[in-house]
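Residues per chain are reported as follows:
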Amino acid sequence: SLSSNRGSLALWYSPAYLYSEAGTKTLFETANHLRIYYATAGADLKFYCQAYNGTDWTTAQVTSANQNFAANDWLNLVCSWDNASGVNLYVNTVKTSTPSTWTAQALPTSFYLGSDSAGLNQAQGLISDFAIFNRALTQKEVTQLYNLKHPVEDLASLNPSYSRTLDVAKWGGDYQTIQSALDAITDASAGNRYLIKVSPGVYNEALTLNNKSYIDIVNSGGPEVTQVTQSDATVLTLSGTTSQIRI
């Protein structure tokens with residue numbers, strides 16, 4: 001689960017734009033806590049990972065080297081933070097870091113994947129294999145995630161047993177949208193964990209998983225064939241959950 005003072009976020013990101021396109025593209029944000037984004041400013045073409053210290057975002061900030069990716073490239077990003085030792089950012093395993101310390105802020109009720117906390121500055125690309133860790137990953141662990149074909153699924157700690165499985169598919173599933181499957185679950189618990197298995201297809205929906213725990217959403221086929229898209233809203237909003245999202 002997400003921690004206020006230490007942890008790691010890992011994801012794969014495929015931007016739908018060239019590295020030099022102007023603007024800010026937010027991949028992840030918890031309001032007044034932590035954010036990861038890509039921005040162009042003059043000659044700077046960089047990814048940023050920032051932890052909010054109660055006053056500003058720049059005291060505990062780390063930026064990548066300038067980027068030169070093409071549209072539809074896949075990039076592996078990991079941001080790790082520990083308010084006692086600093087922030088690290090890895091782009092395709094290349095590390096940049098800052099030793100700055102800060103006062104960890106209280107976690108907000110929701111986090112946002114694919115936009116900022118106001119629903120603006122959308123990522124404009126695909127995000128896959130998003131995972132949260134409750135500690136700062138090492139360089140070796142980051143490299144392992146980068147090299148695994150199915151990063152999150154292959155981690156031994158993410159193999160719970162499920163009491164029920166719901167299939168989401170364009171045709172022939174229990175539900176045709178992921179949100180309708182989420183809404184149908186009312187009895188998930190530690191002893192009654194649900195798996196929502198999403199079959200290949202493009203799902204144009206904005207997902208909300210609020211105050212529902214023990215529900216895991218897993219794609220089949222990988223990001224090339226299973227995608228959740230939004231052009232004008234946050235793709236995923238979560239709060240109060242103990243769940244894994246692997247789309």
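The structure under discussion appears in the preceding block.
Structural notes, computed from the coordinates. Every value quoted in this text rests on a predicted model; they were computed, and no experiment measured them. (Residues numbered from 1 in each chain as written. Predicted model: local features only at pLDDT ≥ 70, side-chain atom pairs only at ≥ 80, totals over all residues. Heavy atoms only, no water.)

1. Digging into the sheet that holds strand 1 (residues 6-15)
Spatially, the five strands line up as an open sheet ordered 8-7-6-1-10, and their pairing is antiparallel. A strand with exactly one partner marks an edge of an open sheet, and here the two such strands are strand 8 (94-98) and strand 10 (125-133). Neighbour to neighbour, the strand axes of the sheet diverge by 15° on average, direction disregarded. As defined by bridge partners, strand 1 adjoins strand 6 (residues 75-82) across eight bridges and the pair is classed as antiparallel. Bridge assignment links Trp12 to a residue of strand 6, and that residue is Asn76. Across the sheet, helix 1 (residues 139-147) is in contact with strand 1, strand 6, strand 7 (86-91), strand 8 and strand 10; its angle to strand 1 comes to roughly 30°. (Pairing = 2+ DSSP bridges. Helix = DSSP H or I, 4+ residues; strand = E, 2+ residues; numbered from the N terminus. Axes fitted to C-alpha atoms, helices over the stretch in contact; angles between N-to-C directions. Contact = heavy atoms within 4.5 Å.)

2. Focus on the packing of aromatic side chains
Here a ring pair, both rings aromatic, is described through the centre-centre distance and the interplanar angle of the planes. By the definition in use, this model includes 12 aromatic pairs. Ring geometry for Tyr13 against Phe47: centres 6.3 Å apart, planes inclined by 85°, an arrangement best described as edge-to-face. A residue pair is termed long-range when its members are at least 10 positions apart, and Tyr13 in strand 1 and Phe47 in strand 4 (residues 44-51) qualify at 34 residues. With respect to burial, Tyr13 and Phe47 carry one shared label: buried. (Phe/Tyr/Trp six-rings, centres within 6.5 Å; stacked < 30°, edge-to-face > 60°. Buried < 20%, exposed > 50% of the residue type's maximum accessible area, 1.4 Å probe, protein only.)

3. Describing the state of the cysteines
Under the definition given, this model contains one disulfide. Between the sulfur atoms of Cys49 and its disulfide partner Cys79 the distance amounts to 1.8 Å. Between Cys49 and Cys79 the sulfur-sulfur dihedral comes to about -50°; the bridge is accordingly left-handed. Placement of Cys49 in strand 4 and of Cys79 in strand 6 is noted, with a sequence separation of 30 residues between them. Summarising the burial analysis for this pair, Cys49 and Cys79 share the class buried. (Disulfide = S-S within 2.5 Å.)

4. Regarding the environment of Ala10
Note on placement: Ala10 falls in strand 1. Among the residues examined, Ala10 registers a relative accessible area of 5% and is labelled buried. Ala10 sits 80 residues away from Tyr90 along the chain, and the two C-alpha atoms are 9.2 Å apart. Not counting chain neighbours up to four residues away, the residues in contact with Ala10 comprise Leu77, Val78, Asp129, Phe130, Ala131, Phe133 and Leu145.

5. Focus: the nonpolar core
With 45 residues, the main nonpolar core has Phe47, Leu77, Val87, Ile178 and Ile196 as its most contacted residues. One finds Ala10, Phe133, Leu137 and Leu145 within the second-largest nonpolar core, a separate group that totals eight residues. (Core = buried A, V, L, I, M, F, W, Y, C linked by side-chain atoms within 4.5 Å.)

6. Comments concerning the pairing of strand 5 (residues 60-63)
Of the two faces of strand 5, the one holding Ala60 and Val62 is buried and the one holding Gln61 and Thr63 is not buried anywhere. As judged from the four bridges shared by strand 4 and strand 5, these two strands associate in the antiparallel manner. Its bridge partner being in strand 5, Ala51 is matched across the sheet by Ala60.

The quantities given are spatial measurements derived from coordinates; they are silent on function.
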